[in-house]
Amino acid sequence: MKIFETKQALQDFIDGHRLKNTLIGFVPTMGALHAGHLSLIEKSKQHGTVTVCSIFVNPTQFNDPKDFEKYPKTLDEDIQKLELTGCEALFLPSVEEMYPEGMHQLPHYSLGRLEELWEGAHRPGHFQGVCVIVHRLLEAVRPDLLLMGSKDFQQVAVIRYLLAHYSFEPKIELISCETIREASGLAMSSRNVRLSPEQKIQALAIYHGFDMIRMAMLEQKTRNTEALEQQFGQQLLDAGFESVDYIAFADPISLEPITDLSQTFVVLVAAFIGGIRLIDNQLFPHELFKRV
């Protein structure tokens with residue numbers, strides 16, 4: 001695996017493969033890689049691509065400076081994992097490389113309701129930072145395929161909007177891959193390394209909350225979203241979560257809140273345990289309840 005610290009060196013490498021008509025796959029990350037990230041590399045490889053992974057902890061998407069400072073950094077281990085998956089290139093830029101003009105007066109992206117709902121409401125400016133860095137990374141890598149995990153469900157929706165409203169050459173196909181979970185059901189996250197063994201068990205209350213909703217629907221106990229949200233939230237607090245930012249029943253495309261659970265919907269969750277903010281989601285296909 002080759003490691004590049006500048007956009008120019010990376011582009012020279014990619015141009016060499018373009019001459020061979022090779023597809024380029026891209027997996028952007030902030031490091032602290034786990035099996036979820038590696039599954040994206042493997043998915044890219046299944047498409048016959050030369051795969052580029054980036055590791056860049058982007059300061060402009062952290063609305064809490066302390067969260068940025070505490071974000072786990074495991075570069076040596078990350079490189080070993082990428083080499084084992086067969087990743088061809090790692091882009092490892094500095095802040096100066098990605099923000100040569102500094103981090104003031106950055107472009108603004110008109111995301112509409114996507115940055116007003118859920119994560120947008122609780123993390124002001126977060127998705128603006130995401131768009132800035134992903135846009136710059138895409139211009140540097142110029143991939144054919146962009147692979148992202150669906151655990152960050154709203155972020156995937158934001159990037160889908162970015163790809164639809166801005167021109168990229170070549171045209172980029174976004175592939176959203178399913179959330180990879182630990183055997184217990186806990187969604188894999190770089191932040192999990194900050195959880196104690198006890199907190200990891202407590203955090204399973206999110207996964208169990210999804211099961212509660214599924215059973216409530218199948219057993220026709222209730223389809224009242226407000227009641228289900230309250231029950232879910234109380235389960236999290238009872239399990240040891242300090243606070244809940246939101247539990248949302250939403251349309252999987254627009255992310256607008258819904259009350260009609262006869263359609264496909266997604267449940268989005270964000271909550272704090274041990275001072276660590278965890279997010280997760282579960283898609284509930286219409287077909288699951290069509291006979292109910």
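Before any of the text, the structure's been laid out above.
Please read all numbers here as calculations on a predicted model, not as lab measurements. (Residues numbered from 1 in each chain as written. Predicted model: local features only at pLDDT ≥ 70, side-chain atom pairs only at ≥ 80, totals over all residues. Heavy atoms only, no water.)

## Focus on the overall build of the protein
Here is step 1: Helix and strand content of the protein: 11 helices and nine strands.
Here is step 2: What you see for the protein is a C-alpha radius of gyration of 20 Å, in line with the 19 Å of a compact globule of 292 residues.
Here is step 3: Classification of the 292 residues of the protein by burial places 52% in the buried group.
Here is step 4: Taking contacts inside the protein between residues at least 6 apart in sequence as the whole, the part at least 24 apart equals 72%.
Here is step 5: Carbon and sulfur atoms make up 51% of the accessible area of the protein, which totals about 13,900 Å².
Here is step 6: On the protein, the mean spot of the 27 positive side-chain charges and the mean spot of the 38 negative ones are 3 Å from each other. (Helix = DSSP H or I, 4+ residues; strand = E, 2+ residues; numbered from the N terminus. Rg over C-alpha atoms; globule rule 2.2 N^0.38 Å. Buried < 20%, exposed > 50% of the residue type's maximum accessible area, 1.4 Å probe, protein only. Contact = heavy atoms within 4.5 Å. Areas by Shrake-Rupley, 256 points an atom, 1.4 Å probe, with all protein chains shown as cover. Lys, Arg positive; Asp, Glu negative; His and termini not counted. Charge placed at Lys NZ, Arg CZ, Asp CG, Glu CD.)

## Digging into the pattern of salt bridges
Two side chains of opposite charge can pair, provided their charged atoms sit close to one another.
Here is step 1: Scanning all chains against the criterion turns up 14 salt bridges.
Here is step 2: For Arg191, the salt bridge identified is with Asp67, shortest N-O distance 2.8 Å. Taken together, the residues span a long stretch of sequence, with Arg191 in the loop between β6 (173–177) and α9 (197–202) and Asp67 in helix α3 (residues 65–70) at a distance of 124 residues.
Here is step 3: With relative accessibility at 13%, the residue Arg191 sits in the buried group.
Here is step 4: The residue Asp211 makes a salt bridge to Arg214 at a minimum N-O spacing of 2.7 Å. Residue Asp211 and its partner Arg214 are located together in helix α10 (residues 205–218), separated by three residues, close to a single helical turn.
Here is step 5: Judged by relative accessible area, Asp211 falls into the partly exposed class, the value being 29%. (Salt bridge = Lys/Arg side-chain N within 4 Å of Asp/Glu carboxyl O.)

## Side note on the sheet that holds strand β5 (residues 145–149)
Here is step 1: A sheet is described by the order of its strands in space; here six strands give the open sequence β1-β4-β3-β2-β5-β6, paired in parallel fashion. Both outer strands of the open sheet, β1 (2–4) and β6, are each paired with one neighbouring strand and no more. Between one strand axis and the next, the sheet turns through 25° on average, direction left out of account.
Here is step 2: With three bridges joining them, strand β3 (residues 50–55) and strand β4 (residues 89–91) adopt parallel strand pairing. Looking across to β4, one finds that Val52 is bridged to Ala89.
Here is step 3: Docked against the sheet, helix α4 (residues 75–85) engages β1, β3 and β4, running at close to 170° with respect to β3. (Pairing = 2+ DSSP bridges. Axes fitted to C-alpha atoms, helices over the stretch in contact; angles between N-to-C directions.)

## Some remarks on the pairing of β6
On a regular strand, each side chain points to the face opposite its neighbour's, so the side chains alternate between the two faces of the sheet.
Here is step 1: With five bridges joining them, β5 and β6 adopt parallel strand pairing. Within β6, the residue paired with Leu145 across the bridge is Glu173.
Here is step 2: A crossover connection joins β5 to the parallel β6 through helix α8 (residues 153–165); in handedness this β-α-β unit is right-handed. (Right-handed = clockwise from strand over helix to strand, strands pointing away.)

## Examining the sheet that holds strand β7 (residues 243–250)
Here is step 1: If you trace the three strands from one edge of the open sheet to the other, you get β7-β8-β9, paired in antiparallel fashion. Only two strands of the sheet have a single partner each, and these edge strands are β7 and β9 (276–284). Taken pair by pair, the neighbouring strands of this sheet meet at an average axis angle of 10°, ignoring direction.
Here is step 2: The pairing of β7 with strand β8 (residues 265–273) spans seven bridges and is antiparallel. Directly across from Ala248, in β8, lies its bridge partner Leu268.
Here is step 3: Most of the contacts of helix α11 (residues 225–239) go to β7, to which it runs at about 150°, and overall it touches β7 and β8.

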